[in-house]
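What follows is each chain in one-letter form.
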Amino acid sequence: MKKKLLIIFLTLILTFFGISNINASNKMIKTETKDKIMFIEDKEGEFSYSWSFDKNEYNKADFEFDLGIKFTSPNKKEINNLISKNMKKEYVSFNYHGTLPSTATVKVPITKFKDGDRLNLYYYNDNTNKIETIKTNVKVINGYATFEIEHCSDYFLTMSIVKEASNKNNNGVIIIGMLVVIVGLVGYTMFKNKK
C-alpha cells in the first residue's frame, strides 16, 4: 500500500512541476520536462535507476535503444585480469553497447560503498582489452552515484585508482599534481625568505 501511495505522490509532484507525458512500458517510466527527457526504471514500485537526456539533443537523434542496466559484467573475468580481483567495485553494464544519441546522465544504485564516498568511473574497452578512466570524484549520495556518459558498454565504479587505466579523462590527477607543485613552491619561497 505504501509503495502505491508513493507512486501516486510522485506522479502528483511531477505533474505539479510541469512534467508531462508519463508513460509506463515494461516498468520503464518516461517523463519529460521543458528541457529534459528522463527514463526511470521502476522495480515493484521503487526507483531503481534513471537516464536523463537534454530534450533537444535526444529528439534530434530520433534514436531508440535498450535502456536496461545490469550490475554485473559479462567481462568480469577480463576486467579482473587487468586489475586486482579483490578491489571493491560496482559493475555497471548496459544492455545496449554503442554511442548514445546525446550525452546521458545516469543514476545507479550503489551497494558496496557508503554515502559521501567518492568513486572513480572506469570503462572496459573490449576492443582493446584496456581500462579507461572516464570520471573521478563521483560522489555517492543517498545510495546512488550519478555520472555522464556518451557511450554504453561495461563500466565499473571504485574508490581505488586503477594504475593500469589509460587516462582518457585525467583532469583530477593533473589538478592534484599542480597543487602539490604550487604548495611546494610557496613553502620553499616562505622558507627561503625567513633566512
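Residues numbered from 1 in each chain as written. Predicted model: local features only at pLDDT ≥ 70, side-chain atom pairs only at ≥ 80, totals over all residues. Heavy atoms only, no water.

Moving on: the overall build of the chain. Each helix and strand in the chain was counted, giving four helices and nine strands. When the helices and strands of the chain are read in sequence order from the N terminus, they spell out α-β-β-β-β-α-β-α-β-β-β-β-α. Here the chain holds 195 residues, and 36% of them are scored as buried. Within the chain, contacts between residues at least 6 apart in sequence are counted, and of these 59% link residues at least 24 apart. Here the chain displays about 12600 Å² of accessible surface, and carbon together with sulfur accounts for 56% of that area. (Helix = DSSP H or I, 4+ residues; strand = E, 2+ residues; numbered from the N terminus. Buried < 20%, exposed > 50% of the residue type's maximum accessible area, 1.4 Å probe, protein only. Contact = heavy atoms within 4.5 Å. Areas by Shrake-Rupley, 256 points an atom, 1.4 Å probe, with all protein chains shown as cover.)

The subject of this paragraph is the pattern of salt bridges. Two side chains that carry opposite charge are able to pair once their charged atoms sit near each other. Under the defined criterion, the tally for this structure stands at four salt bridges. When the shortest N-O distance is used, the salt bridge between E57 and K60 registers 3.3 Å. Taken together, the residues span about one helical turn, with E57 and K60 both in helix α2 (residues 55-61) at a distance of three residues. Overall, K60 belongs to the exposed group, its relative accessible area being 63%. Salt bridges here are not isolated pairs; linked through shared partners, they connect K30, E32 and K55. (Salt bridge = Lys/Arg side-chain N within 4 Å of Asp/Glu carboxyl O.)

Judged from the seven bridges that link them, strand β7 (residues 118-125) and strand β8 (residues 130-141) form a sheet pairing that is antiparallel. Bridge pairing links Y122 to T133 in β8. Here β8 runs beside strand β9 (residues 144-158); their pairing, made up of two bridges, is antiparallel. Residue pairing across strands places V140 opposite A145, the latter belonging to β9. Taken together, β8 and the strand that follows it, β9, pair antiparallel across an intervening segment of two residues, in which N142 is found at a positive phi of about 50°. (Pairing = 2+ DSSP bridges.)

Relative to the helices and strands, D117 is located in the loop between β6 (90-109) and β7. For D117, a relative accessible area of 9% puts it in the buried group. When neighbours within four sequence positions are excluded, D117 is seen to be in contact with V138, K139, V140 and M159.

Let's shift gears to the environment of N125. Tracing the chain through its elements places N125 in strand β7. For N125, a relative accessible area of 11% puts it in the buried group. A sequence separation of 50 residues divides N125 from N75, and the C-alpha atoms of the two residues are 9.8 Å apart. In contact with N125, other than residues within four places in its own chain, are K130 and E132. Within the structure, the side chain of N125 is placed 3.3 Å from the backbone nitrogen of T128, a separation counted as a polar contact. (Polar contact = N/O pair within 3.5 Å; in protein donor to acceptor, adjacent residues only side chain to side chain.)

Attention shifts here to the environment of K43. Mapped onto the fold, K43 is located in strand β3 (residues 36-43). In sequence terms K43 and M28 are 15 residues apart; their C-alpha atoms lie 8.7 Å from each other.

Attention now moves to the confidence of the model for the chain. Summarising the model, the chain shows a mean pLDDT of 79, and 72% of its residues fall at 70 or more. At the level of individual helices and strands, the chain shows its lowest average pLDDT in strand β1 (residues 20-25), which scores 38, and its highest in β7, which scores 97. Overall, residues 2-26 carries pLDDT values under 50, and its contacts beyond four positions in sequence, including any with other chains, amount to 26 contacts. Contacts from residues 169-181, a stretch scored under 50 in pLDDT, to residues over four places away or in other chains number four contacts. (pLDDT = per-residue confidence, 0-100.)

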